[in-house]
Structures are given as C-alpha cells and as structure tokens.
Amino acid sequence: MAASISRRIFRTVGSVTALGHISTNASGNGLSSLPSHLILKSGGLSLVSNRNHSTSILTPDDNFPYDLLSKKTVITPDRTLGLYQDLVIPVTNFQNEDKGFMVLAGDVFDVPIRKDIIHHVVRWQLAKRQQGTHSTKTISEVSGTGRKPWNQKGTGRARHGTLRGPQFRGGCVMHGPRPRSHAIKMNKQVRRLGLKIALSARAAEGKLLVFDDLALPTHKTKNIVNYYNQMENTKKVLVVEGGPIDEKLKLATQNLHYVNILPSIGLNVYSILLHDTLVMSRDAVDKIIERMHTPINR
C-alpha cells in the first residue's frame, strides 16, 4: 500500500514538473504557485511544508537575540606557525625592566608542531630513565638444599624433587623480571626535532620568556614569589640557565614546588611539557641554538 502511494506521488509530481506549472516567486517558495488541486496530500498530511519554519538567511532587520551570543574575544595568531621564520622577542628580567629584544632562530623556535614526534621522544625519555634493576631469584639462585624431600613412592604425597620450586614458600620465581635495560632506540635527528618542536610550541603560546640575566638581589624566596604572582595563567615555571646556576637563584627557588631550574645542557622535552612557562636567559638561548646547529656525529 505504501509503495503504491509513493509511486502515485512521484508520478503526479513528475507530470506537474513536465507541464511547467511550477514557478518561483520573489520569496523563493517554489510551491506557492501550484493550483490547489495539485497540492498532494497523503493520509491527511500536506506535502507542502510550512515555509515559516524553513531555514533562511538572517538580515539586520530580523529580530535575532544577539544578546545570547558569546561576547568572548577569539584570539587568532597574527602569523602562520611553522614557517621557520626568525622571531623577535622582548628581553626583560625579574624586575620587569626593558632590556631590548632578541632574535630567535626560526629553524629552532618556529618549526611545525608534530604531536607524534613529541609522543615518541617522551616515550624514549621515560623508558631510558628506568633503572631496570628489578630482579627475582631462579631455582638455581634461591637458598635451600637440593635433596629430594621424600621418597618417590609409598608416602601418598605428591612427588617432588626439590623444595626450592615455585610452589613452595621461600622457593624461586618462574619467569620473573630480570635486570635489563628498558631503553628504546631513537635517532638523534628525531630527538633534536622533538626539542625544537617543544620550544616552538612554547614560543607560539607566548609562554617563552627571555631574561637578560637571572641574577637576584638576595637569596630570599619572596623575590621569585613576587614575580610569579605577576604572571598570568601560569602554574609551573621552568628556569633555564646558560652556565652554572647562580647560588642565590638556587636558594630562592628550592622551597617552591612550582619553580624548577635546569642548565641549558639538561633541557629536554619532558621537562618542558611538565611546565607551562619557560624562562630562559640570553646565554641559555644562544647555547641551545648552537647545540641545535651542531652537526650530528654519525
């Protein structure tokens, strides 16, 4: 029954289209000019939809509730990321003094962001830092006698040849962990690229700060706390020093769990990802760029 009604509907609409009775008026309603006897109904439901509920383009004259729209400003980057362009970044210090500008190499601080590379480098770091000293004793290493505990037959008990088996208390462990290295192989080029991507991500987010120096007037922790309170949307800070770490800076940050210090030689991808803000001295930036430009020894 339903199939016959559908065929009848398509046959009628096709005949109307062939006769050219359908025209479009100014409002865009293609069915408004149909005669009343050609408006098909099936089961009492008109096939001509109500145009008041159709999708239309809003004009300035429409009564649209604009007050319901979000007024939050959408921040779009003023440049295209990952084009290997040199970046100019202002230089300051802990006293918020203007110390000029510094040019960051584009092939280090403006490389395309690749999450897969970051994932591989982090896995390599976490696997390599595992000690791998876990160990269990095999049947030849566990303490105990090698004598057969009882006769093979006649006791009614299960037959055993040693009491150092894994089924006995104080016995060995079968297929347990042995000391080994968990390190996985990763090419030096991929490791270097991962560090470049992490630095580029922080620079693109505006979370890379360059200081002229990391000198503090005193070793008091309040010097770091006061500067940290002035920073917006910051939870953890990683401070990177180019040379030996200043003793005052070390004492000022040792009681702060949200501020950590690293020398430039120890800068790595995992540490950058653990901190949302990266503070580097001029010397540290120069040494990182020099390290990234050094040819890889094969």
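You'll find the structure just up there.
Residues numbered from 1 in each chain as written. Predicted model: local features only at pLDDT ≥ 70, side-chain atom pairs only at ≥ 80, totals over all residues. Heavy atoms only, no water.

Asks: Mind showing me how you'd approach helix H8 (residues 282–293) here?
Replies: Every α-helix winds through 3.6 residues per turn, so residues three or four apart in the chain are directed the same way. In this model H8 runs 17 Å from its N-terminal to its C-terminal C-alpha over 12 residues, within 8% of the 16 Å that 1.5 Å per residue would give. Considered for burial, the residues of H8 that qualify are Ala-284, Val-285, Ile-288, Ile-289 and Met-292. Summarising the axial view, the buried residues of H8 lie within an arc of 130 degrees, below the 170-degree limit, and thus occupy one face. In this fold, the buried residues of H8 make contact with strand E4 (101–104), helix H2 (106–109), helix H4 (188–204), strand E5 (208–211), strand E6 (237–241) and strand E8 (277–281). (Helix = DSSP H or I, 4+ residues; strand = E, 2+ residues; numbered from the N terminus. Expected span 1.5 Å × (residues − 1). Buried < 20%, exposed > 50% of the residue type's maximum accessible area, 1.4 Å probe, protein only. Arc of directions from axis to C-beta. Contact = heavy atoms within 4.5 Å.)

Asks: Quick question: what am I supposed to make of the packing of helix H3 (residues 115–128) against H4 here?
Replies: When two helices pack together, their arrangement is captured by the angle between the axes and the distance separating the axes. Orientation of H3 relative to H4, taken along the N-to-C sense of each, is 115 degrees, at an axis distance of 9 Å. For the element pair H3 and H4, the recorded crossing hand is left-handed. Residues Ile-117, Ile-118, Val-121 and Trp-124 of H3 lie in contact with H4, whose contacting residues are Val-190, Arg-191, Leu-193, Gly-194, Ile-197 and Ala-198. Tallied by class, the residues present in the contact of H3 with H4 amount to 8 nonpolar, 1 polar and 1 charged. (Axes fitted to C-alpha atoms, helices over the stretch in contact; angles between N-to-C directions. Left-handed = near helix turned anticlockwise from the far one by under 90°. Nonpolar A, V, L, I, M, F, W, Y, C, P; charged D, E, K, R; others polar.)

Asks: Would you explain the pattern of salt bridges in this entry?
Replies: Side-chain pairing between opposite charges can occur once the charged atoms of the two side chains come close. Following the criterion strictly, the structure yields 6 salt bridges and no others. One salt bridge in this structure joins Glu-97 and Lys-99, with 3.5 Å as the shortest N-O distance. A relative accessible area of 38% places Glu-97 in the partly exposed class. The salt bridge partner of Arg-282 is Asp-212, with a shortest N-O separation of 3.0 Å. You can see Arg-282 sitting in helix H8 and its partner Asp-212 sitting in the loop between E5 and helix H5 (222–230), a full 70 residues away along the chain. The class for Arg-282 is partly exposed, based on a relative accessible area of 23%. According to the relative accessible area criterion, Asp-212 is partly exposed, its value standing at 30%. (Salt bridge = Lys/Arg side-chain N within 4 Å of Asp/Glu carboxyl O.)

Asks: Can you help me understand the pairing of strand E7 (residues 259–263) in this one?
Replies: A regular strand places its side chains so that they alternate between the two faces of the sheet. Pairing of E6 with E7, which is carried by 5 bridges, proceeds in the parallel orientation. When the sheet's bridge partners are listed, Val-237 is paired in E7 with Val-259. For the crossover from E6 across helix H6 (residues 247–253) to E7, the handedness is right-handed. (Pairing = 2+ DSSP bridges. Right-handed = clockwise from strand over helix to strand, strands pointing away.)

Asks: What is the right way to read the packing of aromatic side chains from this model?
Replies: As enumerated under the stated definition, the model contains 4 aromatic pairs in all. Look at Phe-94 and Tyr-227: their rings are 5.5 Å apart centre to centre, the planes differ by 85 degrees, and that puts the pair in the edge-to-face class. One end of the pair, Phe-94, is in the loop between strand E3 (87–92) and E4; the other, Tyr-227, is in helix H5, and 133 residues separate them in sequence. Each member of the pair, Phe-94 as well as Tyr-227, carries the same accessibility label: buried. Their ring planes at 85 degrees and their centres at 5.5 Å tell us that Phe-211 and Tyr-227 sit as a pair that is edge-to-face. Taken as a pair, Phe-211 in strand E5 and Tyr-227 in helix H5 lie far apart in primary sequence, 16 residues in all. Linked through ring pairs, Phe-94, Phe-211 and Tyr-227 together constitute an aromatic cluster. (Phe/Tyr/Trp six-rings, centres within 6.5 Å; stacked < 30°, edge-to-face > 60°.)

Asks: Please clarify how the sheet that holds E5 should be interpreted in this entry.
Replies: Across a sheet, strands are paired by hydrogen bonds formed along the backbone, either parallel or antiparallel in direction. If you trace the 6 strands from one edge of the open sheet to the other, you get E4-E3-E5-E8-E6-E7, paired in mixed fashion. Bordering the open sheet on either side are E4 and E7, each of which pairs with just one other strand. Looking at each pair of strands side by side, their axes are set apart by 30 degrees on average, direction ignored.

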